[in-house]
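# Geometric and topological summary
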Amino acid sequence: MKKHAMFMLATLVIVLTLVMAACQPAPAPQPEKVVETVVVEKQVEVEKVVEKTVVVEKEKEDPMAALNGMKMAGVLSGPVNDGGWNTNAYKALVNLRDKYGLEIAYTEHTKVEDAAQVMRDYADSGYQIIFAHGYEYADQVKQVAQEYPDLKFIQTNGSEANIPNLYTVTFAAGEGGYIIGYTAGLTTKANKVHWVVGTEFPLMTYELEESARGCKASNPSCEVTWSFVGSWNDPAKAKELAKAALDNGNDVIIGCADAGDVGSVEAVKEFAQGEKYVRFISWVADRNYMAPDLVLGGWQQDVPVEIENIVRMIAEGKPGGHFSLDMTTGSHYMNPFYGLIPVENEQKVVDLINKYLADPKSVDIKVRYDL
Amino acid sequence: MTDKPKTYIWQALLEKSFNILIPVFAILAAFLISGILIIAWGANPLEAYKALLAGAFGTPNAIATTMTRLSPLVFTGLAVSYGYRSGFFNIGAEGQFFLGALAATWVGITFTNLPGWVLIPLCALAAALAGAFLAVIPGLLKALRGFNEVLTTLLLNYVAIQYFEWALRIEHYRPDINVTWDDKPIKWTFLNWIGVKDVTQPFPQSPGIVEAAELPKLGTLLKTGLLNQLFGQAHWYEEFVANPAVNRMTLAPIIALVFVVIMYFVLFRMTVGFQARAVGVNPDAARFMGINVPRTIIITSLISGALAGLGGSIEVLGAQHRVIPNFLVNAGFDGIPVALIGQLHPAGVFLSALFFGALRAGANKMQILTQVPISVVYVIQALAILFAIAGALLDLQSKIKIARLAKQTEAAGEQPVAEKEVSGA
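Since the structure is predicted, the reported quantities are computational estimates derived from the model, not experimental observations.

Turning next to helix α5 (residues 116-145) of chain B. Three or four residues apart is the spacing at which side chains of an α-helix point the same way, because the helix has 3.6 residues per turn. Residues and elements named next belong to chain B. With 30 residues, α5 should cover 44 Å at 1.5 Å per step; its first-to-last C-alpha distance of 43 Å lies within 8% of that length. The sharpest bend along α5 reaches about 30° and sits at V136, with the proline P138 one to four residues further on. The first or second residue beyond α5 is G146, which carries a positive phi of 75°.

So, on to the sheet that holds strand β6 (residues 192-197) of chain A. All names here are of chain A. Pairing is mixed across the open sheet formed by six strands, whose spatial order is β7-β6-β8-β9-β10-β12. Strands at the two margins of the open sheet, each flanked by one partner only, are β7 (223-228) and β12 (332-334). Each adjacent strand pair in this sheet contributes to an overall mean axis angle of 20°, direction not counted. On the sheet, helix α8 (residues 235-247) packs against β6, β7 and β8 (252-256) and is oriented at approximately 170° with respect to β6.

Turning our attention to the packing of aromatic side chains. All names here are of chain B. Under the definition given, this model contains 21 aromatic pairs over all chains. A centroid spacing of 5.8 Å and a plane angle of 40° characterise the contact between Y163 and W166, whose relative ring orientation is tilted. Of this pair, Y163 and W166 both sit in helix α6 (residues 149-167), three residues apart, which is roughly one turn of that helix. The class for Y163 is partly exposed, based on a relative accessible area of 35%. Take W166: its relative accessible area is 37%, and that puts it in the partly exposed class. Ring geometry for Y173 and W188: centres 5.4 Å apart, planes at 85°, overall edge-to-face.

Attention now moves to unusual backbone geometry. Positioned with a positive phi, V284 of chain A is a non-glycine residue whose angle comes to about 85°. Counting through the fold element by element, V284 of chain A comes out in strand β9 (residues 279-284). One non-glycine residue, L344 of chain B, lies in positive phi territory at about 60°. Here L344 of chain B lies in the loop between α16 (331-341) and α17 (346-370).

All names here are of chain A. Each assigned domain of chain A is listed here: domain 1 (36-172 + 304-328) and domain 2 (175-299 + 333-362). Computed from C-alpha coordinates alone, the two centres of domain 1 and domain 2 are separated by 31 Å. Listed by partner, the interface residues are ten residues for domain 1 and twelve residues for domain 2. Summed over the shared surface of domain 1 and domain 2, the result is zero salt bridges. Inspection of the region where domain 1 meets domain 2 yields one residue pair in polar contact (both at pLDDT 80 or more).

Let us look at the nonpolar core. Nonpolar side chains tend to gather and get buried jointly when the protein is soluble and globular. Within the largest apolar cluster, 118 residues are counted, with the highest numbers of intra-cluster contacts made by F153 of chain A together with V323 and F327 of chain B. By residue number, the principal contributor to this core is helix α4 (residues 93-110) of chain B, which donates ten residues. Here F153 of chain A is in contact with M119, I130, V141, V144, A145, Y148, N165, L166 and Y167 of chain A, once residues within four sequence places are set aside. Within the second largest apolar cluster, 34 residues are counted, among which are A184, M327, M334 and L352 of chain A.

All names here are of chain A. Among the residues of helix α5 (residues 138-147), those classed as buried are A138, Q140, V141, V144 and A145. Down the axis of α5, the sector holding all buried residues measures 165°, keeping them to one side. In this structure, the buried side of α5 is in contact with α4 (112-124), β3 (129-133), β4 (152-156) and β5 (166-171).

Side chains that differ in sign of charge can pair as their charged atoms come close. A complete count under the given rule lists 20 salt bridges over all chains for this structure. Its salt-bridge partner being E270 of chain A, residue K239 of chain A comes within 2.9 Å of it at the nearest N-O pair. Of this pair, K239 of chain A sits in helix α8 while E270 of chain A sits in helix α9 (residues 261-272), and the two are 31 residues apart along the sequence. For E270 of chain A, a relative accessible area of 34% corresponds to the partly exposed category. Here D284 of chain B makes a salt bridge to R287 of chain B, at a shortest N to O gap of 3.3 Å. Of the two residues, D284 of chain B and R287 of chain B both sit in helix α14 (residues 283-288), three residues apart, roughly one turn of that helix. Under the relative-accessibility criterion, D284 of chain B is labelled partly exposed at 43%. A cluster of three or more residues bridged by salt bridges with shared partners is formed by R120 and E147 of chain A together with R248 of chain B.

This brings us to empty space enclosed by the protein. This structure, assessed with the given rule, holds four cavities of 30 Å³ or more. One number sums up the size of the largest cavity: a volume of about 110 Å³. Along its surface, the largest cavity is lined by K111, E113 and D114 of chain A together with R69, P72, L73, L328, V329, N330, A331, D334 and R360 of chain B. Mapped by element, the contributors of at least two residues to the lining of the largest cavity are α4 of chain A together with α3 (60-85) and α16 of chain B. Considering each element in turn, the lining of the largest cavity owes the most residues, three residues, to α3 of chain B. Per-class residue counts for the lining of the largest cavity are five nonpolar, one polar and six charged.

We now examine the domain arrangement of chain B. Residues and elements named next belong to chain B. Per the domain assignment, the segments making up chain B are domain 1 (1-43 + 372-425), domain 2 (71-169 + 204-215 + 252-359) and domain 3 (223-249). Centre-to-centre, using C-alpha coordinates, domain 1 lies 28 Å away from domain 2. Contact residues are listed per partner, giving 17 residues for domain 1 and 13 residues for domain 2. Approximately 1300 Å² of surface area, both sides summed, lies buried where domain 1 meets domain 2, with 78% of it carried by carbon and sulfur atoms. Between domain 1 and domain 2 we count zero salt bridges in total. Applying the counting rule to domain 1 against domain 2 returns zero residue pairs in polar contact (both at pLDDT 80 or more). Here the side of domain 1 that touches domain 2 gets seven residues from one element, more than from any other, and that element is helix α18 (residues 375-394). Tallied by class, residues from the side of domain 1 that touches domain 2 come to twelve nonpolar, four polar and one charged.

Turning our eyes to something else, we now look at a nonpolar patch on the surface. Residue and element names in this part refer to chain B. Together, L226, L227, L230, F231, W236 and F240 make up a nonpolar patch on the protein surface, roughly 660 Å² of accessible area in all. At the level of secondary structure, the elements contributing two or more residues to the nonpolar patch comprise α9 (226-231) and α10 (235-242). For the nonpolar patch, the leading source of residues is α9, giving four residues. Tracing the backbone through its elements, the reader meets W236 in helix α10.

Cut-offs applied
Residues numbered from 1 in each chain as written. Chains lettered and ligands numbered in written order. Predicted model: local features only at pLDDT ≥ 70, side-chain atom pairs only at ≥ 80, totals over all residues. Heavy atoms only, no water. Helix = DSSP H or I, 4+ residues; strand = E, 2+ residues; numbered from the N terminus. Expected span 1.5 Å × (residues − 1). Bend = angle between axes of the 7 residues up to and from the residue. Pairing = 2+ DSSP bridges. Axes fitted to C-alpha atoms, helices over the stretch in contact; angles between N-to-C directions. Contact = heavy atoms within 4.5 Å. Phe/Tyr/Trp six-rings, centres within 6.5 Å; stacked < 30°, edge-to-face > 60°. Buried < 20%, exposed > 50% of the residue type's maximum accessible area, 1.4 Å probe, protein only. Domains from an automatic or database assignment. Salt bridge = Lys/Arg side-chain N within 4 Å of Asp/Glu carboxyl O. Polar contact = N/O pair within 3.5 Å; in protein donor to acceptor, adjacent residues only side chain to side chain. Core = buried A, V, L, I, M, F, W, Y, C linked by side-chain atoms within 4.5 Å. Arc of directions from axis to C-beta. 1 Å grid on protein atoms, 1.4 Å probe; cavity = no way out; pocket = protein on both sides within 12 Å on 5 of 7 lines; lining within 4 Å. Points joined across faces, edges and corners; volume = space filled by probe spheres on them. Nonpolar A, V, L, I, M, F, W, Y, C, P; charged D, E, K, R; others polar. Buried area = accessible area lost by both parts, 1.4 Å probe. Patch = residues over 30% accessible without salt bridge, like charges linked within 9 Å, V, L, I, M, F, W, Y side chains within 5 Å. Areas by Shrake-Rupley, 256 points an atom, 1.4 Å probe, with all protein chains shown as cover.

Spelled out as structure tokens, the structure:
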């Protein structure tokens with residue numbers, strides 16, 4: 001009987017956890033209104049697009065006009081208000097809706113084992129472009145793309161290059177790391193720079209190594225180190241790591257931990273209260289709003305532009321493959337400095353970028369397209 | 001009581017029917033209450049449920065998905081129900097499931113030259129052994145030292161899952177390759193024999209298992225088997241076999257069904273099962289009956305763990321063909337509610353796994369068509385469990401039985417005898 005009661009108790013606990021997990025409110029508040037799945041078609045937006053096509057007609061029909069009214073669906077691994085990975089995908093979809101009049105929809109929290117069926121459901125409901133956001137969907141997107149050869153499939157961070165209706169896309173690695181390292185070398189006064197990164201993966205590791213090289217280029221006596229939080233959603237641990245780094249003599253923190261960045265910035269703020277010099281450099285997205293007098297805009301990875309690039313290929317009728325986008329595509333770039341480093345140093349970074357864009361070989365940036 | 005009066009037959013039937021009625025009413029009540037939630041959310045519950053049903057059974061594709069979702073749940077459900085019936089409450093099915101999947105994948109990517117009829121059983125055997133290994137540790141601790149298996153199995157989950165994640169990041173030994181995906185030379189060590197990571201690509205995931213190790217597809221079997229010789233000429237048969245959904249369906253649900261039957265016989269027709277149930281009901285009484293209680297507990301933990309491990313192999317061989325991080329999370333924990341709603345009976349486990357599988361398969365369609373969030377499905381599941389427990393607590397079954405026995409004994413002119421049956425079926 002005792003065991004019976006314990007079984008009941010354990011089950012009750014499990015049930016309660018299930019209910020609580022289901023009823024849990026969305027984690028981070030976000031200004032945008034977030035609905036689980038939206039299929040939006042605003043009258044106003046359609047008018048806008050009509051205006052646009054009129055303008056474009058002068059320079060001969062824009063292929064993007066064909067996208068108007070097409071249906072595109074996103075398959076996402078988490079909530080669209082996570083402030084990082086999935087928010088970027090959501091923005092990419094919204095961007096396409098607003099600019100080109102696509103009808104959009106998305107599914108959040110898609111588990112890998114469910115992904116294939118979700119994509120099939122979208123395909124059967126008349127969606128023409130299906131966008132799987134994450135490397136983990138590689139097998140599923142490959143399978144479904146072959147089942148529906150007439151539809152177009154996009155996968156971020158995929159590597160498949162041989163399916164004509166599947167477009168896998170990544171950011172080229174190296175440019176951002178080098179330039180941010182270069183910037184950090186000019187920002188630090190203690191000659192010690194520290195990265196607080198979510199988790200270790202090959203592309204990230206390469207960016208870190210490149211940042212060390214970039215830093216040496218602008219400030220030969222500067223030292224770059226890094227630590228991993230182990231998750232993309234752990235502000236408390238990120239804060240501890242940043243704190244430890246600051247106590248260890250670093251005065252520039254580069255943050256790449258999505259939701260964890262809140263914690264790193266918090267540590268920087270606390271440190272700055274002691275009238276000490278300290279700066280935070282953002283990575284992936286501009287975090288300046290968190291502490292306007294401490295946080296540099298840093299490096300932007302613009303998923304909307306990334307996806308728009310691919311959708312443009314689809315509109316132009318180019319076949320699928322693997323695409324690694326570098327800076328020339330405009331999909332990643334330097335955010336504003338907000339006057340947080342001396343103007344002459346800022347100019348040095350801008351000069352470096354301009355020099356690189358004018359002639360990639362003139363700068364010692366080693367770009368990799370295979371990561 | 002061999003010559004039962006006729007009037008009692010209906011009462012006996014009523015008693016038996018509670019096993020089915022309680023979960024059915026629990027599920028209905030769960031849908032009813034979740035309907036209120038959906039109305040509050042601003043959607044039509046009938047339409048939402050229609051979409052849910054269509055997503056689970058509406059098309060051949062949907063049925064194929066439901067069947068794929070159901071198969072691993074049957075195994076974890078069987079693992080939990082067998083364990084619980086036998087006094088070994090196995091909450092470690094999750095970890096055993098992950099280890100099973102890992103072991104099956106390891107065999108499937110290591111012994112690439114074996115033919116399918118050797119390789120598939122080998123994968124399954126490895127998975128069963130891995131699961132059994134993880135479960136026998138708490139089994140031994142409970143049998144020999146009296147440790148609480150709820151704690152030990154639960155905590156071993158984390159050990160197993162962390163090990164799984166670690167193995168995903170260690171390159172798997174490949175004799176034909178000596179550079180990693182980014183052309184760095186790699187020096188193979190003993191550790192690489194344990195790892196499963198695909199050396200040719202950057203992400204932490206295993207290579208796909210060889211084709212021979214994949215469970216045969218239903219479509220392929222029908223094209224070549226006996227049925228093809230019988231109906232091969234018929235037009236409808238050709239159409240049926242050519243359907244891509246039939247082609248995607250594997251033997252997994254059929255294997256699951258076979259194991260349901262096997263477990264029924266083990267539980268109710270074999271000495272092992274009888275002894276295990278006796279220990280589950282009352283270990284002291286079992287000892288007086290001459291049952292070796294520690295030995296029974298160890299055997300129970302082995303069987304329960306092997307079943308959960310097999311579930312992992314079914315998912316790898318039948319559906320995903322590789323392991324990745326967050327590989328089918330919660331399939332093991334979901335085994336507990338599956339077992340519970342299934343009234344701890346193998347057949348019930350199959351039906352409630354079908355219910356859970358259908359919910360999972362239909363949830364996405366519901367979200368796509370009616371914008372009702374997937375979370376509603378978890379609410380339905382949770383409520384169904386709550387109502388099932390509440391129903392079990394009412395224990396109408398034994399009340400009616402006692403009443404019947406009282407009547408019977410009265411009729412026979414004897415004192416009523418309180419009867420405790422070992423069989424809970």
